[in-house]
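For reference, the chains in residue letters:
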Amino acid sequence: DGGITQSPKYLFRKEGQNVTLSCEQNLNHDAMYWYRQDPGQGLRLIYYSQIVNDFQKGDIAEGYSVSREKKESFPLTVTSAQKNPTAFYLCASSLGQGYTDTQYFGPGTRLTVL
Amino acid sequence: AQKITQTQPGMFVQEKEAVTLDCTYDTSDPSYGLFWYKQPSSGEMIFLIYQGSYDQQNATEGRYSLNFQKARKSANLVISASQLGDSAMYFCAMRVHPRDSNYQLIWGAGTKLIIKP
């Protein structure tokens, strides 16, 4: 079955630690995205990537980093510079970047800072 | 400015009744896509239905249909014969033809739908 997987489902981080969230897709999509969702809020774009080895900052990129070495994978690192990282993180992908391209989402990772 | 407005923060509906979730949008771009997503309590964002700005007919997907009124800039989601499993947050989103490097979806604030047995 084609889809998007994210791991882990739950992640706990101590203050000052970097953590990496995994996102893998087997839909053969070119574009991938990372969103952050806070309780009771909508989604905010962190980073997106249109093709391998290329990515762009979204609205709230500070304190986060990404890489896109393979088409299937788009990991997100939450660094210690991110002051309030506790949130729900969603990864998405789409075939292209046109206005008709639907974004499909993974199941999400819930990050809690202890 | 491009914007999505969902005016219903929450709704209670009796099981088996039809539901209409409101969504209005604002854009000056003639090329755009409108999307509806469902987010159950588990958190996953599930794509429901898509409507393109040039589509002549309203989109339908099973029990979901989109009431697209272009002149009113309205894209309401209609769920027929609601079920308990329809209880979730529902988000309306828009994507416009990219004129610059910003390719993101524009999201509404969402509507929390609760189906009563």
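Model, not experiment: these values are computed from the prediction. (Residues numbered from 1 in each chain as written. Chains lettered and ligands numbered in written order. Predicted model: local features only at pLDDT ≥ 70, side-chain atom pairs only at ≥ 80, totals over all residues. Heavy atoms only, no water.)

### Notes on the interface of chain B and chain A
Note on interface size: it is often stated as the accessible area lost on association of the parts.
Now for step 1: In this complex, chain B contributes 25 residues to the contact, which on the side of chain A involves 26 residues.
Now for step 2: Across the chain B to chain A interface the summed buried area is about 1,900 Å²; carbon plus sulfur atoms make up 53%.
Now for step 3: Our enumeration of links across chain B and chain A arrives at zero salt bridges.
Now for step 4: At the boundary of chain B and chain A, one finds five residue pairs in polar contact (both at pLDDT 80 or more).
Now for step 5: Residue assignment for the side of chain B that touches chain A shows that the elements contributing at least two residues are strand E5 (32-39), strand E6 (46-52) and strand E10 (88-96) of chain B. (Contact = heavy atoms within 4.5 Å. Buried area = accessible area lost by both parts, 1.4 Å probe. Salt bridge = Lys/Arg side-chain N within 4 Å of Asp/Glu carboxyl O. Polar contact = N/O pair within 3.5 Å; in protein donor to acceptor, adjacent residues only side chain to side chain. Helix = DSSP H or I, 4+ residues; strand = E, 2+ residues; numbered from the N terminus.)

### Digging into the nonpolar core
Now for step 1: In terms of nonpolar packing, the biggest core is built from 27 residues, with Trp36(B), Leu77(B) and Tyr90(B) touching the most fellow members.
Now for step 2: Looking at this core, the elements that each hand over two or more residues are strand E2 (10-14), strand E3 (19-21), E5, E6, strand E8 (64-69), strand E9 (74-79), E10 and strand E12 (111-116) of chain B.
Now for step 3: Broken down by element, this core gets its largest block of residues, five residues, from E10(B).
Now for step 4: The contacts of Leu77(B), once residues within four sequence positions are left out, are Val19(B), Thr20(B), Leu21(B), Trp36(B), Leu48(B), Ile49(B), Tyr64(B), Ser65(B) and Tyr90(B).
Now for step 5: Ranked by size, the runner-up nonpolar core spans 20 residues in total, among them Ile4(A), Cys23(A), Leu76(A) and Cys91(A). (Core = buried A, V, L, I, M, F, W, Y, C linked by side-chain atoms within 4.5 Å. Buried < 20%, exposed > 50% of the residue type's maximum accessible area, 1.4 Å probe, protein only.)

### What to know about the sheet that holds strand E8 (residues 76-78) of chain A
Residues and elements named next belong to chain A.
Now for step 1: What the four strands build is an open sheet, ordered E1-E3-E8-E7; its pairing is antiparallel. Bordering the open sheet on either side are strand E1 (4-7) and strand E7 (64-66), each of which pairs with just one other strand. Averaged over neighbouring strand pairs, the angle between their axes works out to 20° when direction is ignored.
Now for step 2: Note: E1 against strand E3 (residues 19-25), four bridges, orientation antiparallel. Paired with Thr5 across the bridge in E3 is Glu24. (Pairing = 2+ DSSP bridges. Axes fitted to C-alpha atoms, helices over the stretch in contact; angles between N-to-C directions.)

### Thoughts on the pattern of salt bridges
Residue and element names in this part refer to chain A.
Now for step 1: Taken as a whole and assessed by the stated rule, the structure comprises five salt bridges over all chains.
Now for step 2: Here Lys71 and Asp30 are joined by a salt bridge, their closest N and O atoms 3.3 Å apart. Here Lys71, found in the loop between E7 and E8, pairs with Asp30, found in the loop between E3 and strand E4 (31-37); they are 41 residues apart in sequence, far enough to count as distant.
Now for step 3: The partly exposed category is assigned to Lys71, whose relative accessible area is 24%.
Now for step 4: Linking Asp38 and Arg36 is a salt bridge whose minimum nitrogen-to-oxygen distance equals 3.0 Å. For the pair Asp38 and Arg36, a shared accessibility class is recorded, and that class is buried.

### Regarding the state of the cysteines
Now for step 1: Per the counting criterion, the structure on display carries two disulfides over all chains.
Now for step 2: Residue pairing for Cys23(A): its cysteine sulfur links by disulfide to Cys91(A), the two sulfurs lying 1.8 Å apart. Torsion about the S-S bond of the Cys23(A) and Cys91(A) cystine: about -70°, corresponding to left-handed handedness. Of this pair, Cys23(A) sits in strand E3 while Cys91(A) sits in strand E9 (residues 87-94), placing them 68 residues apart in sequence. Considered together, Cys23(A) and Cys91(A) belong to a single accessibility category, that of buried residues.
Now for step 3: The side chain of Cys23(B) participates in a disulfide bridge whose partner is Cys92(B); the two sulfur atoms lie 2.0 Å from each other. Note on the Cys23(B) and Cys92(B) pair: the S-S dihedral is about -60°, so by sign convention the disulfide is left-handed. (Disulfide = S-S within 2.5 Å.)

### Overview of the environment of Glu62(A)
Residues and elements named next belong to chain A.
Now for step 1: Tracing the backbone shows Glu62 in the loop between strand E6 (56-57) and E7.
Now for step 2: Take Glu62: its relative accessible area is 70%, and that puts it in the exposed class.
Now for step 3: The spatial distance from the C-alpha of Glu62 to the C-alpha of Ser93 is 21 Å, given a sequence separation of 31 residues.

### Describing the side chain of Ser53(B)
Now for step 1: Within the secondary structure layout, Ser53(B) lies in the loop between E6 and strand E7 (60-61).
Now for step 2: Take Ser53(B): its relative accessible area is 2%, and that puts it in the buried class.
Now for step 3: Discounting chain neighbours no more than four positions away, the residues touching Ser53(B) are Tyr99(A), Pro30(B), Ser31(B), Tyr32(B), Phe68(B) and Lys70(B).

Everything listed here is a matter of coordinates, which is why it stays silent on function.
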